[in-house]
Amino acid sequence: MQNNILDILERNPIIPVVSIHEESEIDKVYSALSAKGITCIEITLRTPYAWEAIAEFKKRYGKSMDVGVGTVISVQQINKCVDMGVAFMVSPGLTSTMVQNLEHSGIPFIPGVATPSEIIRGMEIGWRYFKFFPANLYGGIEALKSYGSVFYEVKFCPTGGINESNHQEYLSLDNVISVGGSWVIK
Ligand code: 3PG
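So, here's what we can say about the structure. Computed from a prediction, not measured in an experiment: that's the story for all the values here.

Turning our eyes to something else, we now look at the overall build of the chain. Within the chain, the secondary structure is distributed over eight helices and nine strands. Here the C-alpha atoms of the chain give a radius of gyration of 15 Å, agreeing with the 16 Å that 2.2 N^0.38 yields for 186 residues. Each principal axis of the C-alpha atoms in the chain carries an extent, and together these give about 45 × 40 × 25 Å. Counting only residues that meet the buried cut, the chain has 52% of its 186 residues in that class. Restricting to contacts in the chain with at least 6 residues of sequence separation, those with at least 24 account for 61%. Accessible surface, the chain: about 8,600 Å² in total, of which carbon and sulfur atoms supply 51%. Within the chain, the 19 negative side-chain charges are centred at a point lying 3 Å from the centre of the 15 positive side-chain charges.

Laid out in structure tokens, this is it:
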């Protein structure tokens, strides 16, 4: 299901969301993550340098880290991720145009949801793993507890406002497999 995103989520309880602006940041980011024992990275498509950063990061460290792509919001971007053979894809949301392409990509992926209707829509497709975003603005821990009783088969990776002091509380919830965020690397 979802090209086995569960494997990525289970192996990586903390998913650093990182925006890379230039080549000189790559080694520093890798060292900082390694020092924390983190073996995955979600590189966002939020900078002009992003695709080059993904290619370069993968080339240098792809053997020791799961190099994934975040902020995937178009079919074109999904296709590029396939071409590059990235380890996983994360989207802040979901459109019907993206559904088939995500499923056929062969790459583990997790789409973003915030509301019950969005969760139901994803479940209708047959998906069970969602990024809950932006967690802090859509009810955080309390919302996840409510979703846990209603959508008992669904598991989440909350992101948005997760930080050093609250991430353990999120991770302690039964329906949270991993958490993501930019706090991991400043
Ligand atoms: C994401 O893409 O998951 C968010 O930008 C992360 O949110 P944060 O910056 O509040 O951690």
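It is worth spelling out the environment of Ile107 at this point. In this structure, Ile107 sits in the loop between α5 (96-104) and β5 (109-110). As a C-alpha pair, Ile107 and Gly181 span 74 residues in sequence and 21 Å in three-dimensional space. Setting aside chain neighbours within four positions, we find Ile107 in contact with Gln2, Asn3, Cys81, Val82, Val86, Ala87, Phe88, Met89 and Leu102.

We now examine the side chain of Thr47. Position of Thr47 relative to the elements: it lies in the loop between β2 (40-44) and α3 (50-61). Thr47 gets classed as buried once you look at its relative accessible area, which sits at 11%. Not counting chain neighbours up to four residues away, the residues in contact with Thr47 comprise Ser19, Ile20 and His21.

Moving on to the site of the ligand. Lining the immediate surroundings of the ligand are Val17, Arg46, Lys131, Phe133, Thr159, Gly160, Gly161, Gly181 and Ser182. Lys131 has a polar side-chain atom sitting 2.6 Å from an oxygen atom of the ligand. Here the ligand, which alone exposes 310 Å², has 80% of that area covered by the protein. Looking at the shell around the ligand residue by residue, the class counts come to two nonpolar, five polar and two charged.

Bringing helix α7 (residues 140-150) into the picture now. The α-helix advances 3.6 residues per turn, and as a result positions three or four apart in sequence lie on the same side. Among all positions of α7, only Gly140, Ile141, Ala143, Leu144 and Tyr147 are buried. Buried positions in α7, seen along its axis, are confined to an arc of 160° and lie on one side of it. Relative to its buried face, α7 has exposed residues pointing more than 90 degrees away, namely Glu142 and Ser149. Tucked into the core, α7 has its buried residues touching α6 (116-125), β7 (129-132), β8 (155-158) and α8 (167-171).

About the thresholds
Residues numbered from 1 in each chain as written. Predicted model: local features only at pLDDT ≥ 70, side-chain atom pairs only at ≥ 80, totals over all residues. Heavy atoms only, no water. Helix = DSSP H or I, 4+ residues; strand = E, 2+ residues; numbered from the N terminus. Rg over C-alpha atoms; globule rule 2.2 N^0.38 Å. Buried < 20%, exposed > 50% of the residue type's maximum accessible area, 1.4 Å probe, protein only. Contact = heavy atoms within 4.5 Å. Areas by Shrake-Rupley, 256 points an atom, 1.4 Å probe, with all protein chains shown as cover. Lys, Arg positive; Asp, Glu negative; His and termini not counted. Charge placed at Lys NZ, Arg CZ, Asp CG, Glu CD. Near = heavy atom within 4 Å. Polar contact = N/O pair within 3.5 Å; in protein donor to acceptor, adjacent residues only side chain to side chain. Nonpolar A, V, L, I, M, F, W, Y, C, P; charged D, E, K, R; others polar. Arc of directions from axis to C-beta.

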